[in-house]
Amino acid sequence: MDIANPELERYATEHTSPEGDLLAELALATSESLDAPGMMVGPLEGTLLAMLVAATGTTRVLEIGTFSGYSALSMAQALPEGGRIITLEISERHASFAQAYIDKSPHAGKIEIRLGPASESLSELEGPFGFVFIDADKGGYRDYYEHALRLLGEGGIICVDNTLWSGRVLGESPLDADSEAMMEFNDFVVRDERVVCVQLTVRDGVTLIRKKQ
């Protein structure tokens, strides 16, 4: 299921600030070299992430799920000098691929990839982070969310990707484990009295979350 009309999404992308040569090169290499290139956020969502990072005014970003590095590089452009992104990745191949493109960027010094299971890396981190982006294995979202709340600073935002899951959250059977996990996660967040959330129909669904004041 297309979450947004493909023609309107293409129009929206065309009327969004361009991604730049390095990100365009990275997007092409991702599609040619990695399995499941659709996991990459792409120019529309990448620019949204950068806009959100800039709006928070944060100097510390946490990303759970690096994949090819497109989202980390998008967000790094919005950080001031001295800003820092810690991005967590379990796949050595993905981490190596991302690092190669990060090294080409003038923002390379802002990004640190930590390799290993996210749950272990998260347990070792200390906050606060002003922005947290969750885009990893769907079965782990609840755990990542709880860590993100612990690490989130005052006024910070959690951004969660794939929360519409190609429309499978509507409950059409048969459901796989990831679909069920995403439905349970969405239901949990909207009922969580600690936070305020809004779900957006951008690409595969993006949910923005902040702690209540």
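Residues numbered from 1 in each chain as written. Predicted model: local features only at pLDDT ≥ 70, side-chain atom pairs only at ≥ 80, totals over all residues. Heavy atoms only, no water.

K.L.:
Quick question: what am I supposed to make of the overall build of the protein chain here?
P.N.:
Along the backbone of the protein chain there are eight helices and seven strands. Relative to a compact globule of 213 residues, whose C-alpha radius of gyration would be 17 Å, the protein chain shows 16 Å and is just as compact. If you line up the protein chain on its principal axes, its C-alpha atoms span 45 × 40 × 30 Å. Burial analysis of the protein chain (213 residues in total) assigns 48% to the buried set. Put simply, of all contacts in the protein chain between residues at least 6 apart along the chain, 72% involve residues at least 24 apart. With 17 positive and 34 negative side-chain charges, the protein chain shows a spacing of 6 Å between the two charge centroids. (Helix = DSSP H or I, 4+ residues; strand = E, 2+ residues; numbered from the N terminus. Rg over C-alpha atoms; globule rule 2.2 N^0.38 Å. Buried < 20%, exposed > 50% of the residue type's maximum accessible area, 1.4 Å probe, protein only. Contact = heavy atoms within 4.5 Å. Lys, Arg positive; Asp, Glu negative; His and termini not counted. Charge placed at Lys NZ, Arg CZ, Asp CG, Glu CD.)

K.L.:
Explanation requested: the side chain of H94 in the structure shown.
P.N.:
Its location among the elements puts H94 in helix α5 (residues 92-102). Accessibility expressed as a relative area gives 16% for H94, which makes it buried. Apart from the residues within four sequence positions on either side, H94 is in contact with L34, M39, F67 and E89.

K.L.:
How do you make sense of the packing of helix α7 (residues 141-151) against helix α8 (residues 177-191) when you look at a structure like this?
P.N.:
Helix-helix packing is characterised by the crossing angle of the two axes and by the distance between the axes. Direction vectors running N to C along α7 and α8 enclose 35°, while the axes themselves pass 10 Å from each other. Residue-level contacts link Y141, R142, Y145 and E146 of α7 to M182, F185, F188 and V189 of α8. (Axes fitted to C-alpha atoms, helices over the stretch in contact; angles between N-to-C directions.)

K.L.:
Explain the sheet that holds strand β3 (residues 111-115) here, please?
P.N.:
The strands making up a sheet associate through hydrogen bonds between their backbones, and the pairing can be parallel or antiparallel. Spatial strand order, β3-β2-β1-β4-β5-β7-β6: seven strands in an open sheet with mixed pairing. On the outer flanks of this sheet lie β3 and β6 (195-200), each paired with one strand and no other. Neighbouring strand axes in the sheet, compared pairwise and without regard to direction, differ in orientation by 15° on average. Examined bridge by bridge, β6 and strand β7 (residues 206-211) share six bridges and lie antiparallel to one another. For Q199, the partnering residue across the bridge sits in β7 and is T207. Where helix α3 (residues 42-56) meets the sheet, its contacts fall on β1 (60-64), β4 (129-134), β5 (152-161) and β7, and the angle it forms with β4 comes to roughly 160°. Across the sheet, α8 lies against β5, β6 and β7, angled at about 135° from β6, the strand it touches most. (Pairing = 2+ DSSP bridges.)

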